[in-house]
Amino acid sequence: MASKHPIFPGPRTARGAVLAVLLSDADQAGAEPLRGRVTLAAIVRALKHKYHWPIETSSFPSNAPDGRATWATVYSLPPDVIAAALDARGRDWLKAAGVTAPEV
């Protein structure tokens, strides 16, 4: 089965805010765009399954602020996916989201 092309969500949505971080050189500083409405994992799942973005996931052991052992997860897009998205309509989409596109 052929893979589907990624779809850009609305740039001013929570999904759009997370995708903007993944497409840019910016770091996600906490869950600010989410504001407790939905988890980051749920948004990433929607971006992967509904919008067809090949987001990579990497988890590793970490410590919570209170000292408990927990897991941290990092989400990323492969560099070739970012370059292709920016060359398509990604630069304009990022501008609509209020994010500066990285130089690729």
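Here, every reference points to the structure presented above.
Remember, predicted model here, so these are calculated numbers, not experimental data. (Residues numbered from 1 in each chain as written. Predicted model: local features only at pLDDT ≥ 70, side-chain atom pairs only at ≥ 80, totals over all residues. Heavy atoms only, no water.)

So, on to unusual backbone geometry. We note that His52 has phi near 65°; this positive angle belongs to a residue other than glycine. By the element assignment, His52 lies in the loop between helix 2 (40-49) and strand 1 (56-63). (Helix = DSSP H or I, 4+ residues; strand = E, 2+ residues; numbered from the N terminus.)

At a minimum axis separation of 10 Å, helix 1 (residues 14-23) and helix 2 run at an interaxial angle of 85°. In terms of axis orientation, helix 1 runs roughly perpendicular to helix 2. In this structure, helix 1 uses Ala14, Arg15, Val18 and Leu19 to contact helix 2, whose residues at the interface are Leu40, Ile43, Val44, Ala46 and Leu47. The residue makeup of the contact of helix 1 with helix 2, split by class, is eight nonpolar, no polar and one charged. (Axes fitted to C-alpha atoms, helices over the stretch in contact; angles between N-to-C directions. Parallel < 35°, antiparallel > 145°, perpendicular 65-115°, else oblique. Contact = heavy atoms within 4.5 Å. Nonpolar A, V, L, I, M, F, W, Y, C, P; charged D, E, K, R; others polar.)

For helix 3 (residues 79-96), with 18 residues, the first-to-last C-alpha span of 22 Å runs short of the 26 Å given by 1.5 Å per residue. The sharpest bend along helix 3 measures roughly 80° and falls at Arg89. Turning to helix 3, its buried residues are Val81, Ile82, Ala85, Leu86, Gly90, Trp93 and Leu94. Elements in contact with the buried residues of helix 3: helix 1. (Expected span 1.5 Å × (residues − 1). Bend = angle between axes of the 7 residues up to and from the residue. Buried < 20%, exposed > 50% of the residue type's maximum accessible area, 1.4 Å probe, protein only.)

Side chains that are nonpolar tend, in soluble globular proteins, to be buried together. Membership of the largest hydrophobic core comes to 22 residues, with the highest contact counts inside it found for Leu19, Leu23, Leu47, Trp53 and Leu77. Of all the secondary-structure elements, those providing two or more residues to this core are helix 1, helix 2 and helix 3. Not counting chain neighbours up to four residues away, the residues in contact with Leu23 comprise Phe8, Trp53, Leu77, Ile82, Ala85, Trp93, Leu94 and Pro102. (Core = buried A, V, L, I, M, F, W, Y, C linked by side-chain atoms within 4.5 Å.)

One pass over the structure, following the stated rule, counts one salt bridge. We note a salt bridge from Asp66 to Arg68, for which the minimum N-O separation is 2.8 Å. In this pair, the class of Asp66 matches that of Arg68, namely exposed. (Salt bridge = Lys/Arg side-chain N within 4 Å of Asp/Glu carboxyl O.)

Right, let's talk about the pairing of strand 2 (residues 69-76) for a bit. As paired strands, strand 1 and strand 2 are joined by eight bridges and run antiparallel to one another. Looking at the pairing, Asn63 lines up with Ala69 of strand 2. Counting the residues that bridge the hairpin from strand 1 to strand 2 gives five residues, and of these Gly67 lies at a positive phi of roughly 95°. (Pairing = 2+ DSSP bridges.)

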